[in-house]
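# Observations on the model geometry
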Amino acid sequence: MNKTLILEVKELKACINQNEILKNLNLKIHKGEIHAIMGPNGSGKSTFSKVLAGHPAYNVMDGQILFKGINILDLDPEDRSHLGIFLAFQYPIEIPGVSNEDFLRLAYNAKQKAKNEPEVDPLEFLMIINEKLKLVDMSSTFLSRNVNEGFSGGEKKRNEILQMILLDSELSILDETDSGLDIDALKIISNGINTFMSNNKAIILITHYQRLLDYIKPDFVHVMQNGKIIKTGTADLAKELELKGYEWLK
């Protein structure tokens, strides 16, 4: 069965403050696939996630990023989001004075507008978001709180996954979503991700730890070192890395 290519990264080079971090990185992802990216600190994993999302601090020096066949390098982050790309942050920021409900509704309506579909009023939105809250095991009282303000680590990460589900993103990049989570929060978040995943979507999991991959089964595991992918394997590769570390790959 021929799968549809959703993301193709070709010979990507990127730097920040004249410091080259990504060096001829190549990657292909098809719809229906989950790809885990592992590697030591400083290997370029988080940089790669931010470059995919269009973070303005990073400068792409060479290469292409094709998303659904479109070269997105010249697109702003919000345009990439409207096309279907989502980035869950490693360290979600707090937004004092903005309620979660308002934030999520504005994000949802911005996407509706981009698709030339009708925006929803606050009452309609409550019906939509309350269904999604169940997938990340969060109470509706959480909607009236300010975005991530006073949230635990687990609540912040659940809020990121809630945004992903609400926006129905086609390519979700989850940057160390498992960091700082206890086992119960990890199970809840993994369940939300697994429920969300379908044959029309793709997910990139950036992680240091095998334990996340016990709950979310990747189709491919890639190892990054020095700004490029140096090895690709199945889920078993992650178990091998857990035992041996990264030194043996050098």
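Residues numbered from 1 in each chain as written. Predicted model: local features only at pLDDT ≥ 70, side-chain atom pairs only at ≥ 80, totals over all residues. Heavy atoms only, no water.

## What to know about the overall build of the protein chain
- Helices and strands together make up the secondary structure of the protein chain, namely 8 helices and 12 strands.
- Relative to its length of 250 residues, the protein chain is compact, with a C-alpha radius of gyration of 18 Å against a globular reference of 18 Å.
- Over its C-alpha atoms, taken along the principal directions, the protein chain stretches across nearly 55 × 45 × 40 Å.
- Looking at the protein chain residue by residue over its 250 residues, the buried ones come to 48%.
- Expressed as a percentage of contacts within the protein chain between residues at least 6 apart in sequence, the contacts between residues at least 24 apart total 67%. (Helix = DSSP H or I, 4+ residues; strand = E, 2+ residues; numbered from the N terminus. Rg over C-alpha atoms; globule rule 2.2 N^0.38 Å. Buried < 20%, exposed > 50% of the residue type's maximum accessible area, 1.4 Å probe, protein only. Contact = heavy atoms within 4.5 Å.)

## Re the pairing of strand S12 (residues 228-233)
- As defined by bridge partners, strand S11 (residues 220-225) adjoins S12 across 5 bridges and the pair is classed as antiparallel. Note that in S12 the partner of methionine 224 across the bridge is isoleucine 229.
- Where S11 folds back on S12, the antiparallel hairpin that results is connected by 2 residues, among which asparagine 226 adopts a positive phi of roughly 50°. (Pairing = 2+ DSSP bridges.)

## Structural notes on helix H4 (residues 122-135)
- The terminal C-alpha atoms of H4 lie 20 Å apart, and with 14 residues this matches the ideal 20 Å at 1.5 Å per residue to within 8%.
- The inward-facing, buried residues of H4 contact helix H3 (100-114) and helix H5 (153-167).
- Of the residues that open H4, the one with a side-chain oxygen 3.1 Å from the backbone nitrogen of leucine 123 is aspartate 121.
- A positive phi of about 55° marks aspartate 137, the residue just after H4. (Expected span 1.5 Å × (residues − 1). Polar contact = N/O pair within 3.5 Å; in protein donor to acceptor, adjacent residues only side chain to side chain.)

## Some points on the domain arrangement of the protein chain
- We note that the domain assignment places domain 1 (1-86 + 194-208 + 217-249) and domain 2 (92-168) within the protein chain.
- Between domain 1 and domain 2, the C-alpha centre-to-centre distance is 26 Å.
- Tallying the contact residues gives 7 residues for domain 1 and 10 residues for domain 2.
- If you sort the residues of domain 1 by the area they bury against domain 2, His82, Phe86 and Phe196 come out on top, with a joint share of 74%.
- If you look at where domain 1 meets domain 2, you find 1 salt bridge.
- Residues lysine 201 and aspartate 168 are paired through a salt bridge, measuring 3.1 Å at the closest nitrogen-oxygen approach.
- For the pair domain 1 and domain 2, the number of links is 2 residue pairs in polar contact (both at pLDDT 80 or more).
- Breaking the side of domain 1 that touches domain 2 down by element, the ones donating at least two residues are helix H2 (77-83) and helix H6 (183-196). (Domains from an automatic or database assignment. Buried area = accessible area lost by both parts, 1.4 Å probe. Salt bridge = Lys/Arg side-chain N within 4 Å of Asp/Glu carboxyl O.)

## A closer look at the sheet that holds strand S5 (residues 70-71)
- Taken in spatial order, the 4 strands make up an open sheet running S2-S1-S4-S5, and their pairing is antiparallel. Looking at strand neighbours, the two that pair on one side only are strand S2 (19-30) and S5, the edges of this open sheet.
- Of the pairings in the sheet, the one linking strand S4 (residues 59-67) to S5 comprises 2 bridges and is antiparallel in character. Within S5, the residue paired with phenylalanine 67 across the bridge is isoleucine 70.

## Observations regarding the nonpolar core
- Ranked by size, the top nonpolar core spans 42 residues in total, and within it Ile161, Met164, Leu174, Ile193 and Leu205 carry the most contacts.
- Considering each element in turn, this core owes the most residues, 6 residues, to H5.
- Of the residues that make up this core, three or more belong to each of domain 1 (1-86 + 194-208 + 217-249) and domain 2 (92-168).
- Excluding its chain neighbours within four sequence positions, the residues that come into contact with isoleucine 193 are Ile161, Met164, Leu174, Ile203 and Ile216.
- By size, the runner-up hydrophobic cluster in this structure holds 27 residues, among which are Ala14, Leu22, Leu25 and Ile29. (Core = buried A, V, L, I, M, F, W, Y, C linked by side-chain atoms within 4.5 Å.)

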